[in-house]
Amino acid sequence: AQRVTQPEKLLSVFKGAPVELKCNYSYSGSPELFWYVQYSRQRLQLLLRHISRESIKGFTADLNKGETSFHLKKPFAQEEDSAMYYCALYGNQFYFGTGTSLTVIP
Amino acid sequence: EAGVVQSPRYKIIEKKQPVAFWCNPISGHNTLYWYLQNLGQGPELLIRYENEEAVDDSQLPKDRFSAERLKGVDSTLKIQPAELGDSAVYLCASSSGQGTTTQYFGPGTRLTVL
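Anyway, here's the lowdown on the structure attached to this text. Per-chain numbering applies: the sequence of each chain, read as written, is numbered from 1 onward. A letter from A marks each chain and a number from 1 marks each ligand, given out in the order of writing. For this predicted model, a pLDDT threshold of at least 70 governs which residues receive local features, and a threshold of 80 or more governs which side-chain atom pairs are given and counted, while totals over whole chains, interfaces and linings are taken from all residues. In computing side-chain properties, one takes all heavy atoms of the structure into account and sets aside hydrogens as well as water.

Here the focus is the sheet that holds strand 7 (residues 60-61) of chain A. Residue and element names in this part refer to chain A. The strand order across the open sheet formed by 3 strands is 3-8-7, and the pairing between neighbours is antiparallel. The sheet is open, and its two edges are formed by strand 3 (19-21) and strand 7, each paired on a single side. Pairing analysis gives 2 bridges linking strand 7 to strand 8 (residues 72-74), with the strands arranged antiparallel. Its bridge partner lying in strand 8, Ala61 is registered against Leu72. Paired strands, in this sense, are two strands between which DSSP finds at least two bridges. Here a strand is any run of E in DSSP of at least two residues, a helix any run of H or I of at least four, and the numbering for each starts at the N terminus.

Here you go:
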């Protein structure tokens, strides 16, 4: 079975503080992992994918196959980072986690 | 480019009534997805099309849900009859290829079944 777990439904951090959104997955093969983001009143959109090894808006995510995790990190949170974040896995189809609502406090 | 277009944006119906949602993907995108998103949950795949072929509909409740993409462009998702538990947001997404290519989501249709 393929599963994506985001243990935190809500996460609040102060502006300028580091932020980490957790994502754990279970999959028997080698999946592709993604982070999608939904800002207020906007559509769900791709933030980054592990295969690209890129940093988008200061966010990075490293795939840890040993711990089956794909945590999203940013060293200094900004107010505009407040949004809903979904971790997603693609094996033979896409599976999304339940999401984490991030609030950055000014 | 308008992106993925969905209509209607909101729909309120009484239980046992039929309802249909329409999606027009980004021009040139061969892959089209329909997702269901319940409150507080992530999107759950209902069906995926490659052109006009439904290549993954294992999560589609076929007793009441149906979908079509006749010309390989726009698509319609239908529920007949609707139940109270069908109240959710129905998302459409498209991508230019299979698998890991970026999905572009529409704004969704929020369905309320009374």
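This part takes up the pairing of strand 4 (residues 31-37) of chain B. Residues and elements named next belong to chain B. Extensive coverage of strand 4 is indicated by the burial of 7 of its 7 residues. Where burial is concerned, the two faces of strand 4 agree: the one with Thr31, Tyr33, Tyr35 and Gln37 and the one with Leu32, Trp34 and Leu36 are both buried. In terms of strand pairing, strand 4 meets strand 5 (residues 44-50) through 6 bridges, oriented antiparallel. The residue of strand 5 that forms the bridge with Leu32 is Tyr49. Between the antiparallel neighbours strand 4 and strand 5 lie 6 residues, among them Gly40 with a positive phi of about 80 degrees. Remark: exposure states derive from per-residue accessible area (1.4 Å probe, protein chains only) relative to the maximum for the residue type, with buried under 20%, exposed over 50%, and partly exposed in between.

Centres within 6.5 Å make a pair out of two Phe, Tyr or Trp rings, where for Trp the six-membered ring is used; the pair is then stacked when the planes are under 30 degrees apart, edge-to-face when over 60, and tilted otherwise. Evaluated as defined, the whole model comprises 13 aromatic pairs over all chains. Ring geometry for Phe96(A) against Phe105(B): centres 6.1 Å apart, planes inclined by 80 degrees, an arrangement best described as edge-to-face. In this pair, Phe96(A) is assigned in strand 10 (residues 94-96) and Phe105(B) in strand 10 (residues 104-105), connecting two distinct chains. Across the pair, Phe105(B) and Phe96(A) agree in class, each one buried. Ring centres 5.6 Å apart and planes at 40 degrees place the aromatic pair Tyr35(B) and Phe105(B) in the tilted group. Placement of Tyr35(B) in strand 4 and of Phe105(B) in strand 10 is noted, with a sequence separation of 70 residues between them. One aromatic cluster in this structure is built from Phe34(A), Tyr36(A), Tyr90(A), Phe94(A), Phe96(A), Tyr33(B), Tyr35(B) and Phe105(B).

Here the focus is the sheet that holds strand 7 (residues 65-68) of chain B. Through backbone hydrogen bonds, the strands of a sheet pair up, either in parallel or in antiparallel fashion. All names here are of chain B. The sheet built from 4 strands is open, its strands ordered 1-3-8-7 with antiparallel pairing. In this open sheet, the two strands that pair with only one neighbour each are strand 1 (5-7) and strand 7. Direction aside, the axes of adjacent strands within the sheet are offset by 15 degrees on average. Relative to strand 8 (residues 75-79), strand 7 runs antiparallel, the two sharing 4 bridges. Note that in strand 8 the partner of Ala67 across the bridge is Leu77. Structural elements are reduced to axes, namely lines fitted to C-alpha atoms, with helices fitted over the stretch in contact, and the angle between N-to-C directions of any two is expressed from 0 to 180 degrees.

Before going further, it helps to spend a moment on the interface of chain A and chain B. The contact criterion used throughout is that any non-hydrogen atoms of two residues lie within 4.5 Å. Taken residue by residue, the interface counts 16 residues in chain A and 23 residues in chain B. Once two parts are brought into contact, the accessible area they lose, counted with a 1.4 Å probe and summed over both, makes up the buried area. Summed over both partners, the interface of chain A with chain B buries about 1500 Å², with 50% contributed by carbon and sulfur atoms. Polar contact is defined as a pair of N or O atoms within 3.5 Å, subject to the rule that within protein one atom must be able to donate a hydrogen and the other to accept it, and that residues adjacent in sequence are counted only when both atoms are side-chain atoms. For the pair chain A and chain B, the number of links is 7 residue pairs in polar contact (both at pLDDT 80 or more). Of all the secondary-structure elements, those providing two or more residues to the side of chain A that touches chain B are strand 5 (32-38), strand 6 (45-49), strand 9 (83-90) and strand 10 of chain A. With 3 residues, the top contributor of residues to the side of chain A that touches chain B is strand 5 of chain A.

Turning our eyes to something else, we now look at the layout of surface pockets. Left-over empty space is what a probe sized like a water molecule reveals as it rolls over the atoms. Any residue with an atom within 4 Å of a point lines the site, the site being either a cavity, points on a 1 Å grid over the protein atoms alone where a 1.4 Å probe fits but cannot get out, or a pocket, an open set with protein on both sides within 12 Å along at least 5 of 7 lines. Grid points are joined across faces, edges and corners, and a volume is the space filled by probe spheres set on the points. Of the pockets and cavities examined, the largest pocket occupies roughly 740 Å³. When residues are sorted by character, Ala, Val, Leu, Ile, Met, Phe, Trp, Tyr, Cys and Pro go into the nonpolar class, Asp, Glu, Lys and Arg into the charged class, and all the rest, Gly among them, into the polar class. Here the lining of the largest pocket is built from residues that sort into 11 nonpolar, 11 polar and 4 charged. There is about 340 Å³ of room inside the second largest pocket. Lining the second largest pocket are 17 residues; nearest its centre among them are Tyr95(A), Phe96(A), Pro43(B), Glu44(B) and Leu45(B). Of all the secondary-structure elements, those providing two or more residues to the lining of the second largest pocket are strand 1 (3-5) and strand 10 of chain A together with strand 5 of chain B.

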